[in-house]
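# Examining the three-dimensional arrangement
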Amino acid sequence: MLLPIADAGAVPGASRVDMLVATTRKSATDKGILFSGERGEAVTYTDLAVSIPPDATRQPGTVQWPKSIPGNPATDFVALRAEPVDRAKVGAWTGRAVRGGAKRHVLVFVHGFNNKFEDAVFRFAQIVHDSGAEVAPVLFTWPSRGSVLAYGYDRESTNFSRNGLETLLRDLARDPNVGEITVLAHSMGNWLALESLRQMAIRDRRVAPKIRNVILAAPDVDMDLARAAFHDMGKDRPRLTLMVSGDDQALAVSRLVWGDSVRLGAIDPAAEPYRSMLERENVAVLNLSTVKSNDALNHGKFASGEVVALLGKRLADGQPISDGQIGIGDRLVSTAAGAASTVATGAALAVAAPVALFDPQTRETYGEHLSNMGSGLRDTVGSTVDLAGAPVRAFGGGGR
């Protein structure tokens, strides 16, 4: 997917997103994959460019995967460049990336569970393009195996990557080219983001002042641990915003399957003690319940065209991410990618079924896992998923 093709500049209307990628993944031998789902020995940096097809051929909020390799820049997301960068040269990259920007703003994205390297790259390119934000995009991607059965491995990979993300954020905060930093994390990536910021605050006695905003989309984090992280970040921590949706039907499946500790993405903020805690911690809520979604389960709203356009405008104007015009939710219902620290295979597959509707890698692997586990498990998963209703039964097909 990421083997660079010839420059797509000849395609009228095509756009280009240049990003810096920092990763704790292990390098892959295949140049078209770049990085695997295994854990590397150090943080590796890559200067990567992605071509996005003309707006007339795509809907905002979507990633158009190549139907064959190499992709066609007129219709597909394709890589244009992928060159290694030494950590010592990152300052030169930021200097070029923020040139001309009044705020010298860097947006750091931390992806969630079940993401291969190319998934994270193309999704972030889509977010940056559709937001229209004047930012220098930096992707931090951690070792996810891109499998619905690798929840435990992925979770431990976020712990493995805490120092790497903390180092990246500290380097960016110390970079004189950088004026301010926003961190956007999704799903399991929220645990990594909160832990790294917490570590920074403990080491340095505060979070770096240049880190102004932290946006927590569908956080799969234990509620008590999240509250402790907020406290450890101190009074001068960044502005915290939760991005949520009350009509996320994938959450209905997750809540039926997982009976674990309360997740930050599954609390009802109108109920105590959560309402008082959110007010006390000054955590804002962006309610996306009325936002239209491209997927049947309303699960991928954080990356939808409408949401990222709003995000881009708020960042450009220096305004809080949430306000009364876009709805500060009295009720918080958000997604959890797999809200248990230890999961049974059948339960993991049940939660994966709705995810498969919008995640191409899940669609590819889900059928294999069902086959491997046998008909008995298939019957169990089917009966569990049916509880979620017709939208989940829409699952069943499609490749990239």
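Look up a bit, the structure's there.
Our subject in this report is the structure included herewith. (Residues numbered from 1 in each chain as written. Predicted model: local features only at pLDDT ≥ 70, side-chain atom pairs only at ≥ 80, totals over all residues. Heavy atoms only, no water.)

In this section: the environment of Lys235. Relative to the assigned elements, Lys235 resides in the loop between α6 (223-233) and β8 (239-244). For the pair Lys235 and Glu281, spaced 46 residues apart in the sequence, the C-alpha separation amounts to 9.0 Å. (Helix = DSSP H or I, 4+ residues; strand = E, 2+ residues; numbered from the N terminus.)

Another aspect to go through is the packing of aromatic side chains. Evaluation of the coordinates by the stated rule reveals 5 aromatic pairs. The interplanar angle of 50° and the centroid separation of 5.0 Å between the aromatic rings of Phe35 and Phe117 together place this pair among those described as tilted. Here the residue Phe35 occupies a position in strand β2 (residues 35-52), and Phe117 occupies one in helix α2 (residues 117-131), the gap between them amounting to 82 residues. Phe117 gets classed as buried once you look at its relative accessible area, which sits at 1%. Consider the rings of Phe77 and Phe122, whose centres lie 5.8 Å apart with planes at 55°: the pair is tilted. Placement of Phe77 in the loop between β2 and β3 (78-85) and of Phe122 in helix α2 is noted, with a sequence separation of 45 residues between them. With relative accessibility at 0%, the residue Phe122 sits in the buried group. Taken together through their ring pairs, the aromatic side chains of Trp65, Phe77 and Phe122 make up a single cluster. Between Arg39 and the ring centre of Phe160, over which it is positioned, the NZ or CZ distance is 5.9 Å. (Phe/Tyr/Trp six-rings, centres within 6.5 Å; stacked < 30°, edge-to-face > 60°. Buried < 20%, exposed > 50% of the residue type's maximum accessible area, 1.4 Å probe, protein only. Lys NZ or Arg CZ within 6 Å of the ring centre and 35° of its normal.)

We now examine the sheet that holds strand β4 (residues 105-110). Read across the sheet, 9 strands follow the order β3-β2-β1-β5-β4-β6-β7-β8-β9 without closing on themselves; strand pairing throughout is mixed. Both edges of this open sheet fall to β3 and β9 (283-287), since each of them pairs with a single strand only. For this sheet, the mean angle separating the axes of adjacent strands, direction not counted, is 25°. Of the strands in this sheet, β1 (15-27) and β2 touch helix α3 (residues 151-160), which is tilted by about 90° from β2. (Pairing = 2+ DSSP bridges. Axes fitted to C-alpha atoms, helices over the stretch in contact; angles between N-to-C directions. Contact = heavy atoms within 4.5 Å.)

The next thing to look at is the nonpolar core. Counting residues in each nonpolar core, the largest one holds 53 residues, and the members touching the most others are Val106, Val108, Leu168, Ile181, Ile211 and Phe230. Per element, the largest residue contribution to this core is 7 residues, and it comes from helix α5 (residues 189-204). Those residues in contact with Val106 that lie beyond four places of it in its chain are Val98, Ala136, Val138, Leu172, Val178, Glu180, Ile181 and Thr182. With 40 residues, the next largest nonpolar core counts Leu184, Ile215, Met243 and Leu286 among its residues. (Core = buried A, V, L, I, M, F, W, Y, C linked by side-chain atoms within 4.5 Å.)

Next up on the list: the pairing of strand β7 (residues 211-217). Most of β7 sits out of view: 6 of its 7 residues are buried. Where strand β6 (residues 180-186) lies against β7, 6 bridges are found, and the strand directions are parallel. In the strand pairing of β7, Ile181 is matched with Ile211. Handedness of the β6-α5-β7 crossover: right-handed. Where β7 and β8 come together, 5 bridges link them in parallel fashion. The partner of Leu216 across the bridge, within β8, is Leu242. (Right-handed = clockwise from strand over helix to strand, strands pointing away.)

Note that all results are geometric; they support no functional claim without further evidence.
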